[in-house]
Every structure is written in C-alpha cells, then in structure tokens.
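As a plain string of letters, each chain reads:
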Amino acid sequence: MSTDLEEIKATLKKYGQEHLLNHYETLDDAHKQKLLEEIKSIDFELIDSLYRNAEKTQNNEGDVITPIDYLDKYKLNDQYKYYQDIGKKAIKEGKLAVVTMAGGQGTRLGHNGPKGTYDIGLDSHKSLFELLCDGIKEEAKKYDVTIPWFIMTSRENNKETVEFFEKHKYFGYQKDKNLFFFIQGELPMVDTEGKILVGEDGLIKLAADGHGGIYESLVKTGMTKKMKEIGVDWVFIGGVDNCLVKMVDPVLMGIAIDKKVTVACKSVVKANPQEKVGVFCKRNGKPNVIEYTEITEEMAEQRDENGELLYGESHILCNLFSVEAIERMGAEPLPYHVAFKKASYIDKDGKIVKPDSPNAYKFEAFLFDAFGEVDEMAVLRVKREEEFAPVKNADSAGVDCPKTAKELYEKFYKLK
Ligand code: UTP
C-alpha cells in the first residue's frame, strides 16, 4: 500500500496533478482506497493531450464531404414488404435486442433525476422509460417474442435508475434475464489550468464519456458477450429522450440483412436547410455525420434533381448495428469532443466551490464518430411525426421540450 502510494505520488508529480491527494488524509479507509484506484485508472497522457487540445477547434478542413445514399421508407413500393418479411423473420427468431442510452446528464431539461424517469405530462403520467417500454412491447407482441432490453446508465444515475425500475416492477421485464443494466465509462473533468478536479466526496470528479462510449461499454461490461449467448445478432441503439422512437423495425432490419451492411440508421428529413441538426454524409468516402456547425450555408441549401436536400438526412440517434460491428467499434478509441461545463469541486483549501458559470472541460465521444469504421451503411428516411419526439429542453425553450413531445405523442397515438 505504501509503495503504491509512493508510486502514485510520483505519477502525479510527473503530470502536475499532486493536488489530487491534498485531502487524502481526511478520507476514511474505503475512500482512500477508492481514490487511489481511481488515480491508477487515469490515462494521464490522454487527459493531458485532451486538455492541450481543448481550446483548439477541430480542423476538418481537408475532409472531403459528399452526400450519402438513402432509402425513403415510404417510397420503397414492393420492396417494403420484401424487407419487412426478412426483418420479421429475424425478429421472430430472437435475433434483435434493443439498447437505451440513459447515461446522459440531461442538463438542458433540468430534471432532478435520471431523464428516463421524467413524466412529460401525458394523462397516463408515464415516464419516458415506460413509454419506451410500451413501444418495445407493442411491437414484440406481434412477433410473440420478448425483445431483450439493455439500458446504459452512468455511475451518477445508475442507482436511481435501477431503483426506479424496481419500484415499477421492471415494467414486466425480468432483470438479468431479459433486462440488463450496464454502466458507461467516465473521464475526469479538468479546469482551465489543466488540473483534474476533485469532487465534493474527495474523489476524482468524473463525468460520463459521451454516447460514443456505448461501444466500449457494451464490450467491457460483457453485454455483447451476453447478447451472443442469447442468440442476438442485431442491436438497435437509441436515446432515452425520444418518446416516439421505434426500436423494433422489421423494415430497417430487413434492409440491413438484405444489403449485407452491419449498420443501418434512421433519418428524418431536415425541417429546413438551416435546422441545427447533424446530417448523414460521407466523409473521405466513409459514412459519417456532419454537424450543423461544420456545414457551409451553400452545402446546406444544395438540392438534387428531385428537389431533395443533398444533405438533408438528420441523424436522430436511431441506429441498428450487428453485434460484430459493435465489437469492432468498441475496440478502437474514438476521438473526444470538448464541452465547457459548470462543475462543483473542492478547492485546494478543502472548500466546496459551486460555480455560476462554466469552469471545467468535459470530454465526450460521439456515437456517430464510429460510423467510419464501416465502408457502407444503410440510411432509411422515416417520418418525423411517426418516430421523432425529442425531450431535450425545459418547456421554457419552446422546442424539443416535454410540451412539444407530449403533443407529438398524443397526435401519433390519437390520444386527444
Ligand atoms: P444528449 O447529447 O442530448 O445529452 O444525449 P443529455 O445528457 O441527454 O442532455 P444535455 O446535453 O446534458 O442537456 C442524447 C442521448 O445520449 C445519452 C442521453 O442519455 C440521451 O439518451 N447519453 C449522452 C448517454 O447515455 N451518455 C452520455 O454520456 C451522453
């Protein structure tokens, strides 16, 4: 233990992070041990380089961006039934599982608790988790199967999430049989001087590593192994905050199987060329998503011979992967993006600081950065009003908020 401590001190000195042990002596034994383990698991080289690049804007200037082909679900004609039959067969054979990413902090919504526990104000007062569950079950019934459901949480919200499910009897699911929780990875937050923050508990201030952490987490926590054990070949991965998400979609699955691609994504057409959404594209010949901050006005306005936007297919976090693709994507580290956030911490004098404005860098990987791992993927345009009702902001924002999501949900299910 003491040699351990000496080694750790040397590492901290090397990286100018000695302050991490400032409050070590005030911790109880369990926390002391935990802190040392956390420090040992930090990749200081990585954190150092992320900090040094934090203020630099990502330079994608040399990238060649071209449009990506897509299919429109409602213009498939005879092919619709053809793909649907292929997908139905695979679903009936138990080849599909779904994953809900629920590890985000939901800062914009500002709900006190995991986002999935949020009640958007329907007469039923169902939470987002229950609405998602209803959606899975409604489809599963058609195929007489139970679709295994995997839920990604963060260390921050895992306990509360699992307790919420327990309180609601897992919405009819069976934990560890067909419902699995797993915790996503984390990275330390650093201040503007490059110092790793110490949290209020005296431990390292860690933050979830973004939805791009999904692949590595699925592999590391043994979930992909579990999927294979239970005969799953395909996994739909979606967010927790789209209450109209259609996770069980035989047409999407049929397309992936028939076209022999390992990734198939749903898109909705951009509401207008200026809408602030990421759109599917090819980057240097590989599938990717171009962010609205990256696309020029001219590109955003470009249309094809049918009048459709060339870059009009919005990425809505509705993506289907083969288990094998997830394993490959989880093996390679993704680039990290930087967000400047408010983070409370303990200063060098042991005082808790709760800042009013952003003070720390958070590093996050984005799920779509892994798309380039495959040469081809399918993009299926679906109808916004059928599949996209995001809950991102508080009602005061007026867009992508509980109020708008509730209206879309009620309209789709003809509740009002
Ligand atoms: P967002 O990027 O919208 O983030 O996540 P968020 O945490 O919900 O909200 P803000 O930005 O703090 O306001 C899209 C989806 O990805 C999940 C979220 O839970 C949501 O379902 N996510 C995001 C994770 O699971 N982990 C992360 O680290 C980030």
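This report concerns the structure included in the present document. (Residues numbered from 1 in each chain as written. Predicted model: local features only at pLDDT ≥ 70, side-chain atom pairs only at ≥ 80, totals over all residues. Heavy atoms only, no water.)

### What to know about the overall build of the chain
Thinking step 1. Helix and strand counts for the chain come out as 13 helices and 18 strands.
Thinking step 2. In terms of overall size, the chain behaves like a compact globule, its C-alpha atoms giving a radius of gyration of 22 Å where 416 residues would be expected to give roughly 22 Å.
Thinking step 3. Overall size of the chain, expressed as C-alpha extent along the three principal axes, is 70 × 50 × 45 Å.
Thinking step 4. By the burial criterion, 51% of the 416 residues in the chain qualify as buried.
Thinking step 5. Long-range contacts, defined as pairs at least 24 residues apart, comprise 75% of the intrachain contacts of the chain with a sequence gap of at least 6. (Helix = DSSP H or I, 4+ residues; strand = E, 2+ residues; numbered from the N terminus. Rg over C-alpha atoms; globule rule 2.2 N^0.38 Å. Buried < 20%, exposed > 50% of the residue type's maximum accessible area, 1.4 Å probe, protein only. Contact = heavy atoms within 4.5 Å.)

### A short note on the site of the ligand
Thinking step 1. The ligand sits among 19 residues. The nearest are Met101, Thr107, Arg108, Gln184 and Lys392.
Thinking step 2. At 2.7 Å from an oxygen atom of the ligand is found a main-chain nitrogen or oxygen belonging to Met101.
Thinking step 3. For the ligand, the accessible surface in isolation is 560 Å², of which the surrounding protein chains cover 89%.
Thinking step 4. Residue composition of the shell around the ligand, by class: six nonpolar, nine polar and four charged. (Near = heavy atom within 4 Å. Polar contact = N/O pair within 3.5 Å; in protein donor to acceptor, adjacent residues only side chain to side chain. Areas by Shrake-Rupley, 256 points an atom, 1.4 Å probe, with all protein chains shown as cover. Nonpolar A, V, L, I, M, F, W, Y, C, P; charged D, E, K, R; others polar.)

### Here's the deal with the packing of aromatic side chains
Thinking step 1. Enumeration according to the criterion identifies 19 aromatic pairs in this entry.
Thinking step 2. Taken together, a centroid distance of 6.3 Å and an interplanar angle of 55 degrees make the contact between Phe164 and Phe171 tilted.
Thinking step 3. Linked through ring pairs, Phe129, Trp149, Phe164, Phe165, Phe171, Tyr173 and Phe181 together constitute an aromatic cluster.
Thinking step 4. Above the face of the Phe412 ring, Lys246 is positioned so that its terminal group lies 4.2 Å from the ring centre. (Phe/Tyr/Trp six-rings, centres within 6.5 Å; stacked < 30°, edge-to-face > 60°. Lys NZ or Arg CZ within 6 Å of the ring centre and 35° of its normal.)

### Considerations on the pattern of salt bridges
Thinking step 1. Applying the stated rule across the entire model yields 38 salt bridges.
Thinking step 2. Among the ionic pairs, Asp72 bridges to Arg381, the shortest N-O distance being 3.7 Å. Of the two residues, Asp72 is situated in strand β2 (residues 71-72) and Arg381 in strand β18 (residues 378-381); the sequence distance between them amounts to 309 residues.
Thinking step 3. A relative accessible area of 16% places Asp72 in the buried class.
Thinking step 4. A salt bridge links Lys175 to Asp176; its shortest N-O distance comes to 3.8 Å.
Thinking step 5. Bridged by salt links that share partners, the residues Asp72, Lys75, Glu308, Glu313 and Arg381 form one connected network. (Salt bridge = Lys/Arg side-chain N within 4 Å of Asp/Glu carboxyl O.)

### Focus on the side chain of Glu387
Thinking step 1. Here Glu387 shows up in helix α12 (residues 384-387).
Thinking step 2. Apart from the residues lying within four places of it in its own chain, the contact partners of Glu387 are Lys73, Asn242, Leu244, Val245, Lys246, Asp249, Lys266 and Val382.

### Points about the layout of surface pockets
Thinking step 1. The volume enclosed by the second largest pocket comes to roughly 820 Å³.
Thinking step 2. Looking at the second largest pocket, it is lined by 31 residues, and the ones nearest its centre are Gln105, Thr107, Glu156, Lys205 and Lys342.
Thinking step 3. Of all the secondary structure elements, the ones that give two or more residues to the lining of the second largest pocket are β8 (206-208) and β14 (337-341).
Thinking step 4. Of the residues in the lining of the second largest pocket, the class split is nine nonpolar, 12 polar and 10 charged. (1 Å grid on protein atoms, 1.4 Å probe; cavity = no way out; pocket = protein on both sides within 12 Å on 5 of 7 lines; lining within 4 Å. Points joined across faces, edges and corners; volume = space filled by probe spheres on them.)

### Points about the state of the cysteines
Thinking step 1. Taken as a whole, this structure holds zero disulfides when the rule is applied.
Thinking step 2. Cys281 forms no disulfide, and the closest cysteine sulfur to it belongs to Cys265, at a distance of 12 Å.
Thinking step 3. You can call Cys281 buried: its relative accessible area is 0%.
Thinking step 4. With no disulfide of its own, Cys401 lies 11 Å from the sulfur of Cys243, the closest cysteine sulfur. (Disulfide = S-S within 2.5 Å.)

### A closer look at helix α13 (residues 402-412)
Thinking step 1. Among all positions in α13, only Pro402, Ala405, Tyr409 and Glu410 are buried. All buried residues of α13 fall inside an arc of 130 degrees around its axis, so they share one side. Across from the buried face of α13, at angles greater than 90 degrees, the exposed residues are Lys403 and Lys411.
Thinking step 2. On the buried face of α13, the contacting elements are α5 (128-143). (Arc of directions from axis to C-beta.)

### Observations concerning the environment of Glu407
Thinking step 1. By the secondary structure assignment, Glu407 is in helix α13.
Thinking step 2. Judged by its relative accessible area of 43%, Glu407 is partly exposed.
Thinking step 3. C-alpha of Glu407 to C-alpha of Leu122: the two residues are 285 residues apart in sequence and 9.0 Å apart in space.

### As for the sheet that holds strand β7 (residues 190-191)
Strands pair in a sheet through their backbones, by hydrogen bonds, and they do so in one of two ways: parallel or antiparallel.
Thinking step 1. The three strands are arranged β7-β17-β14 in an open sheet whose pairing can be described as antiparallel. Edge positions in the sheet fall to β7 and β14, since each of these pairs with one other strand and no more. (Pairing = 2+ DSSP bridges.)

### A word on the pairing of strand β10 (residues 263-269)
Thinking step 1. With six of seven residues buried, β10 is to be regarded as a mostly interior element.
Thinking step 2. Bridging between β10 and strand β13 (residues 313-322) involves six bridges; their strand directions are antiparallel. Note that in β13 the partner of Ala264 across the bridge is Leu320.
Thinking step 3. Here four bridges tie β10 to β18, and the two strands are oriented parallel to one another. Among the inter-strand pairings, Cys265 is bridged to a residue of β18, identified as Val379.

### With respect to the nonpolar core
Thinking step 1. Core analysis: the largest hydrophobic core is formed by 46 residues, its most contacted members being Leu96, Ile147, Trp149, Phe165, Phe236 and Leu320.
Thinking step 2. Per-element accounting of this core gives the leading share, six residues, to α5.
Thinking step 3. Not counting residues within four places of it along the chain, the set of residues in contact with Trp149 comprises Val98, Thr100, Phe129, Leu132, Cys133, Ile136, Phe165, Tyr173, Asn178, Leu179 and Phe180.
Thinking step 4. In this structure, Val235, Ile326, Leu334 and Ala370 belong to the second largest nonpolar core, which totals 36 residues. (Core = buried A, V, L, I, M, F, W, Y, C linked by side-chain atoms within 4.5 Å.)

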